[in-house]
Amino acid sequence: MPRVSQDHLDARRRQILDGARACFARHGYEGATVRRLEEATGLSRGAIFHHFRDKESLFLALAEDDALRMADVVAEQGLVQVMRDLLDEPEKRTGEHAADWLGTRLEVSRRLRTDPDFRARWAERSEQLTAATRQRLIRQREAGNLRDDVDVTVLTSFLELVLEGLVSHLAMGLPADDMEPVLDLVEETVRRHRRSS
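Peer 1: An account of the overall build of the chain is needed here, citing residue identities and associated values.
Peer 2: Each helix and strand counted, the chain has nine helices and zero strands in total. For the chain, the α and β elements follow one another from N to C terminus as α-α-α-α-α-α-α-α-α. Taking the principal axes of the C-alpha coordinates as reference, the chain spans close to 75 × 40 × 35 Å. Restricting to contacts in the chain with at least 6 residues of sequence separation, those with at least 24 account for 70%. As presented, the chain carries roughly 11,300 Å² of accessible surface, and 51% of it is formed by carbon and sulfur atoms. Distance from the positive charge centre (31 side chains) to the negative charge centre (36 side chains) of the chain: 3 Å.

Here you go:
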């Protein structure tokens, strides 16, 4: 029997994650039954759970995948750029539908509030985004671009709080037309202001 290539396995895993993202966003965690996951991914339960131990592992992998993508953007361009990307057209978000991503993000928030086991498992994964944000801010401070009168940990928490607020705003379907100036203000808030002599 021929072995399956790593490229094939990676493509299958991506297919599962993309279908599951839409399913979890549309139906929530509890409503994303195995049958709905099969329909959304176009794969059998055996194929899905060959790659993921159970539904919670699939959901965590999906949330982790989103966090890693955001961490990559943060490392290069900062957390405010992640927020700007959320305002862009859905096609610019690597082919994902923004509503699916937002729905999944809200489902993560809900489960963090109501499920202590999930909260413990998620804590390990969410640190990646926080660490990327913190490192980016430290580099910006060392380059003289970041205000130095506020601790980097506080600035990191501030930016993460703004991100969560923006996610909630967008997920509720509220208008986003006027958000760019708000993000300009957020960015300006963390920048170092040089006094003119």
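Peer 1: Run through the pattern of salt bridges, naming residues and quoting values.
Peer 2: Tallied over the entire structure, the rule returns 21 salt bridges. Residues Arg-14 and Asp-18 are paired through a salt bridge, measuring 3.4 Å at the closest nitrogen-oxygen approach. In this pair, Arg-14 and Asp-18 are both assigned in helix H1 (residues 6-31), four residues apart and thus about one turn of the helix distant. Salt-bridge contacts for Glu-187 lead to Arg-191; the nearest nitrogen and oxygen are separated by 3.8 Å. Note on Arg-191: relative accessible area 39%, which makes it partly exposed. Each of Arg-14, Asp-18, Arg-21, Asp-65, Asp-66 and Arg-69 takes part in salt bridges that share partners, so that together they form one network.

Peer 1: Lay out the packing of aromatic side chains in plain terms, naming residues and giving numbers.
Peer 2: Under the counting rule described, the total for this entry stands at four aromatic pairs. Judged by centre distance (5.8 Å) and plane angle (5°), the rings of Phe-24 and Tyr-29 are stacked. In this pair, the class of Phe-24 matches that of Tyr-29, namely buried. Ring plane angle 45° and centroid distance 5.7 Å describe the contact between Phe-59 and Phe-118, whose orientation is recorded as tilted.

Peer 1: Give a description of the environment of Leu-159 that names residues and reports values.
Peer 2: Along the chain, the position of Leu-159 falls in helix H8 (residues 152-171). Put simply, Leu-159 and Val-190 are 31 residues apart on the chain and 9.0 Å apart in space, counted from C-alpha to C-alpha. Setting aside chain neighbours within four positions, we find Leu-159 in contact with Leu-79, Val-80, Met-83, Thr-133, Leu-137, Val-186 and Val-190.

Peer 1: So what's going on with the packing of helix H5 (residues 79-87) against helix H9 (residues 179-190)? Which residues, and what values?
Peer 2: It is the contact of H5 with H9, at a shortest axis distance of 10 Å, that shows an interaxial angle of 175°. One finds that H5 runs roughly antiparallel with respect to H9. Across from Val-80, Met-83, Arg-84 and Leu-87 in H5, the residues of H9 making contact are Met-179, Glu-180, Leu-183, Asp-184, Val-186 and Glu-187. Split into classes, the residues belonging to the contact of H5 with H9 amount to six nonpolar, no polar and four charged.

Peer 1: Residue-level account of helix H4 (residues 55-77), with values.
Peer 2: Helix length check: H4 (23 residues) gives 33 Å between terminal C-alpha atoms against 33 Å at 1.5 Å per residue, within 8%. Where H4 begins, the capping side chain belongs to Asp-54, and its oxygen is found 3.3 Å from the backbone nitrogen of Glu-56. With its phi angle positive at about 100°, Gly-78 sits one or two positions after the end of H4.

Peer 1: Go over the nonpolar core, please, and point to the residues and values.
Peer 2: When a protein is soluble and globular, its nonpolar side chains tend to lie buried together. Counting residues in hydrophobic clusters, the biggest one holds 25 residues, and the most contacted among them are Leu-79, Met-83, Leu-86, Leu-129, Leu-159 and Leu-163. Mapped by element, the contributors of at least two residues to this core are H4, H5, helix H6 (98-114), helix H7 (116-142), H8 and H9. Looking at this core element by element, the count peaks at seven residues for H8. In terms of nonpolar packing, the next biggest core, distinct from the first, is built from 22 residues, Leu-17, Phe-24, Phe-59 and Leu-60 among them.

Scoring rules and cut-offs
Residues numbered from 1 in each chain as written. Predicted model: local features only at pLDDT ≥ 70, side-chain atom pairs only at ≥ 80, totals over all residues. Heavy atoms only, no water. Helix = DSSP H or I, 4+ residues; strand = E, 2+ residues; numbered from the N terminus. Contact = heavy atoms within 4.5 Å. Areas by Shrake-Rupley, 256 points an atom, 1.4 Å probe, with all protein chains shown as cover. Lys, Arg positive; Asp, Glu negative; His and termini not counted. Charge placed at Lys NZ, Arg CZ, Asp CG, Glu CD. Salt bridge = Lys/Arg side-chain N within 4 Å of Asp/Glu carboxyl O. Buried < 20%, exposed > 50% of the residue type's maximum accessible area, 1.4 Å probe, protein only. Phe/Tyr/Trp six-rings, centres within 6.5 Å; stacked < 30°, edge-to-face > 60°. Axes fitted to C-alpha atoms, helices over the stretch in contact; angles between N-to-C directions. Parallel < 35°, antiparallel > 145°, perpendicular 65-115°, else oblique. Nonpolar A, V, L, I, M, F, W, Y, C, P; charged D, E, K, R; others polar. Expected span 1.5 Å × (residues − 1). Polar contact = N/O pair within 3.5 Å; in protein donor to acceptor, adjacent residues only side chain to side chain. Core = buried A, V, L, I, M, F, W, Y, C linked by side-chain atoms within 4.5 Å.

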